Amino acid sequence: MAKVEFETPELKPWVDAPKVAPGAMAHSKPFVAKPEHQQPLGFPGELVENWKDVALEKMGDLLGRYRSLQVFMDACVKCGACTDKCHYYLGTGDPKNMPVARQDLMRKIYRRYFTPAGKWFPKLVGAVDLTEEVINDWYSYYHQCSECRRCSVYCPYGIDTAEITMAGREILASIGVGQKYSNEIIGKVHTIGNNLGLPEPALADTLEGLEEEVEEDIGVSVKFPLDQQGADVLLVTPSADFFAEPHVDGLIGYAKVFHQAGISWTLSSYASEAANFGIFIGNYENMQKVAQRIRQAALDLGVKRIIVGECGHAWRVAYSFWNTLIGPFDFLDPSYPVPQHICEFTHDLLQRGALKLDPEANDDKVVTFHDSCNVSRGSRLGSAPGGQFTIPRDLIQAACRHFVDMAPDTIHEHTFCCGGGGGLLTDDLLELRVKGAMPRAQALQQVIESHGVTHMAAICAICKSQFSKVLPQYGMGMDMIISVHQLVGDALIFDTEQ
Amino acid sequence: MAFELNGKTYETDEEGYLSNLGEWNSDVAAYMAKEDDCDLSENHWEVINFLREYYDEYQIAPAVRVLTKAIGKKLGKDKGNSKYLYELFPYGPAKQACKYAGLPKPTGCV
């Protein structure tokens, strides 16, 4: 099954900038989207004949639409601060995975067609013609960036490679060369409502099964309501929470919290997905269409609040973009944050004493926390700066007595991507995913050795799936990765027990 | 992509998942498993058959907890967990077992 031959990087006591290995990952390319994945998203089914004109026109359109893109194209001074900050460069040694080089793949075309110097003296300013070779490089290396934005933290100009990657992918999709994994998924959200293509009857059956399981397990009748008209809260969560492990234990944790807090809530079969792959492919219209389902479900169900489950980029889209994308939210109760993250919600209940946890319930664990990139660098939790770092850690420490952080340059805003973010969580990119996980695995290995860490908690569906797949490659157990709300749910004290 | 078996050609996607669910038969499952150096035991077949029944009803593969519960009922409680399913299908029950059962590959953040 998908046998891919490659060497898993060796974990050393620290992460060194690797020896440069030109072309080491030039072979890495995800499957190209078929016409049936492209067309429903508004993209041409296959490479269009006049692709060069279309690509340049699209690039001009994006430069006009996003002032940031133009600034990023112009501002780089080649200082080199970003070169050793990308997990994919650190894991592969391919110099085109240095963020500056990834940017230059587009910058050289920008200079050639959009700057006077590049039009007249291309060789002097590193400008080159848009050729098939360039497009191939784009397809390969814009799918070796997880849009995690770690490089932008170190860039003195704040150049965000993620936005350049997004633009690159959008241009590619618009000439007919989209990525199968992301585009197939977006199509499923448009037709069925979630990334999995899980239809309403299957979702209802799955939730019913979870109710039975939890009741058997703890003797409390915790509900998982679906399409409950007039509930206070609409919970949107990644569909992986319904489907996969360890995600589902996080979903059980949310349900337990709602139950014990006595707050009525519901899931929606129409908006059964929090994730929004529209951001991964850089396409505003698809991102808006995906998000619109959530607004519609909230209106239809007549809820007062929207809460977002543990999903990194869903939270970035919700926190940073919902307002202009699908707002205004004047139909929701203004006394609560719009949107609210499940960690904020649980944290607030704990602060107010509305929930009680028994951390001894997790005494079998020594836990560390993996900051997910889109929460850490693309948004915030709570009302104080840095809440996205403190709130999940507060929750873990309320639920568990043994907590230890990984090395400071690998957490908070410096966190390393899991290696599978940004639309790269697909088996056709397994080599990239394993190699890109090396810096995180190295930091984890260190706290396993120094503090006997047994589990790493996260608040992102992609991180959870990625780690359960790649940690075994580094000799660690696939079940090391867990949901923050699994810890909370397992430690929660129910009234019935008092 | 495609493969030939007993004189018939079967279309698949890039990763070897059957393109047309209706063409599936038990020889196809056995052939795909053999390609992965996997011999299908009775317990493998319990999983494969359940996946097909579930898909028939719901047009999607079952969630992991739905699957483990069903397998626990059929093969005994000690086998109703993912650890056991991973022993049967080391590449992951969702993906590997779905492939042998002729189901499409689960998509999303899984």
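Conventions we followed
- Within every chain, residues take consecutive numbers counted from 1 along the sequence as written.
- Whichever chain is written first is A, and whichever ligand is written first is 1; the rest continue in order.
- At least 70 in pLDDT is required for a residue's local features to be given in this predicted model, at least 80 for side-chain atom pairs to be given and counted, and no such filter applies to totals for whole chains, interfaces and linings, which use all residues.
- A run of H or I in DSSP counts as a helix once it spans at least four residues, and a run of E counts as a strand once it spans at least two, with each numbered from the N terminus.
- The quantity called the radius of gyration is restricted to C-alpha atoms. Its globule counterpart is 2.2 Å times the number of residues to the power 0.38.
- C-beta atoms are first placed from the backbone for all residues, and any pair lying within 7 Å is then listed as a contact.
- A fitted line through C-alpha atoms serves as each axis, taken over the contacting stretch for helices, and the angle formed by two N-to-C directions is quoted from 0 to 180°.
- By definition in this entry, angles of less than 35 degrees are roughly parallel, angles greater than 145 are roughly antiparallel, angles of 65 to 115 are roughly perpendicular, and the rest are oblique.
- Handedness of a crossing follows from how the near helix is turned relative to the far one, being left-handed for an anticlockwise turn of less than a right angle and right-handed for a clockwise one.
- Any residue outside Ala, Val, Leu, Ile, Met, Phe, Trp, Tyr, Cys, Pro, Asp, Glu, Lys and Arg is labelled polar, Gly included; the first ten of those are nonpolar and the last four are charged.
- A set of buried residues qualifies as a nonpolar core if it consists of Ala, Val, Leu, Ile, Met, Phe, Trp, Tyr and Cys joined through C-beta atoms within 7 Å.
- Exposure classes come from backbone-placed C-beta atoms, where a residue is buried if 20 or more other C-beta atoms lie within 10 Å of its own, exposed if 12 or fewer do, and partly exposed in between.
- The source of the domain bounds is an automatic or database domain assignment.
- Strands are labelled as partners when DSSP assigns at least two bridges between them.
- Scored from 0 to 100, pLDDT records how confident the predictor is in each individual residue.

**Student:** Please explain the overall build of chain A as it appears in this structure.
**Tutor:** Looking only at helices and strands, chain A features 22 helices and seven strands. Relative to a compact globule of 498 residues, whose C-alpha radius of gyration would be 23 Å, chain A shows 23 Å and is just as compact. Each principal axis of the C-alpha atoms in chain A carries an extent, and together these give about 80 × 50 × 45 Å. Of all intrachain contacts in chain A linking residues separated by at least 6 positions in sequence, the fraction that spans at least 24 positions is 79%.

**Student:** When you look at the packing of helix α2 (residues 42-58) of chain B against helix α3 (residues 64-75) of chain B in this model, what are you seeing that I'm missing?
**Tutor:** Geometry of a packed helix pair, given as the angle between the helix axes and the separation of the axes. All names here are of chain B. It is at 10 Å that the axes of α2 and α3 come closest, and there the two elements cross at 130°. Viewed along their axes, α2 and α3 adopt a mutual orientation that is oblique. Considering the relative orientation of α2 and α3, their crossing is right-handed. Listed contacts from α3 to Asn 43, Glu 46, Val 47 and Phe 50 of α2 are Leu 67, Ala 70, Ile 71, Lys 74 and Leu 75. Of the residues belonging to the contact of α2 with α3, the class tally is six nonpolar, one polar and two charged.

**Student:** Help me understand the nonpolar core in this model?
**Tutor:** Residue and element names in this part refer to chain A. In this structure, Ile 396 and Leu 487 are the most contacted members of the largest nonpolar core, which totals 171 residues. Residue contributions to this core peak at eight residues, all from helix α15 (residues 312-326). A domain-level breakdown of this core finds at least three residues from each of domain 1 (35-178) and domain 2 (186-497). When neighbours within four sequence positions are excluded, Ile 396 is seen to be in contact with Val 367, Phe 369, Phe 403, Ala 457, Val 484 and Leu 487.

**Student:** Just checking my understanding: could you explain the interface of chain A and chain B for this structure?
**Tutor:** Accessible area lost when the parts come together is the quantity often used to give the size of an interface. Between chain A and chain B, the residue contacts involve 32 residues of the former and 19 residues of the latter. Mapped onto the side of chain A that touches chain B, the elements with two or more residues apiece are α10 (180-191), α11 (200-218), α12 (240-243) and α21 (461-470) of chain A. The element contributing the most residues to the side of chain A that touches chain B is α11(A), with seven residues. Of the residues that constitute the side of chain A that touches chain B, the class distribution is 20 nonpolar, six polar and six charged.

**Student:** Even after reading the chapter, I still don't get the domain arrangement of chain A, so can you show me in this structure?
**Tutor:** Residues and elements named next belong to chain A. If you check the domain split of chain A, you get domain 1 (35-178) and domain 2 (186-497). Spacing between the C-alpha centres of domain 1 and domain 2 amounts to 31 Å. The interface is formed by 23 residues belonging to domain 1 together with 26 residues belonging to domain 2. Elements supplying a minimum of two residues to the side of domain 1 that touches domain 2: α4 (87-92), α8 (150-154) and α9 (161-174).

**Student:** Is there a simple way to think about the sheet that holds strand β2 (residues 265-266) of chain A in this case?
**Tutor:** Strand pairing in a sheet relies on backbone hydrogen bonds, with the paired strands running either antiparallel or parallel. All names here are of chain A. With respect to topology, four strands assemble into an open sheet ordered β2-β1-β3-β4, the strand pairing being parallel. Of all the strands in the sheet, just β2 and β4 (340-341) have a single pairing partner and so form its edges. Here four bridges tie strand β1 (residues 233-236) to strand β3 (residues 305-308), and the two strands are oriented parallel to one another. By the bridge assignment, Leu 234 is partnered in β3 with Ile 306.

**Student:** Where do I start with helix α22 (residues 484-491) of chain A in this structure?
**Tutor:** Note on helix geometry: an α-helix contains 3.6 residues per turn, so any two residues three or four positions apart are oriented the same way. All names here are of chain A. When you tally the buried positions in α22, you get eight out of eight residues, the bulk of the element. For α22, every residue scored as buried is listed here: Val 484, His 485, Gln 486, Leu 487, Val 488, Gly 489, Asp 490 and Ala 491. Where α22 is buried, its residues touch α13 (247-261), α16 (342-351), β5 (367-369), α18 (387-399), β6 (455-458) and β7 (481-483).

**Student:** Would you mind going over the confidence of the model for chain B with me for this structure?
**Tutor:** Low pLDDT means the predicted coordinates in that region are not meant to be read closely. Averaged over every residue, the pLDDT of chain B is 95; the share at 70 or more is 100%. As a predicted assembly, this complex carries a pTM of 0.97 together with an ipTM value of 0.96.

**Student:** Any chance you could explain unusual backbone geometry here in plain terms?
**Tutor:** The phi torsion of most residues other than glycine is negative, and most of the peptide bonds are trans. All names here are of chain A. Put simply, Gly 327 and Pro 328 share a cis peptide bond, and its omega is 0°. Mapping Pro 328 onto the fold places it in the loop between α15 and β4. Residue Pro 339 is bonded to the preceding Val 338 through a cis peptide linkage, with omega at -10°. Tracing the chain through its elements places Pro 339 in the loop between α15 and β4.

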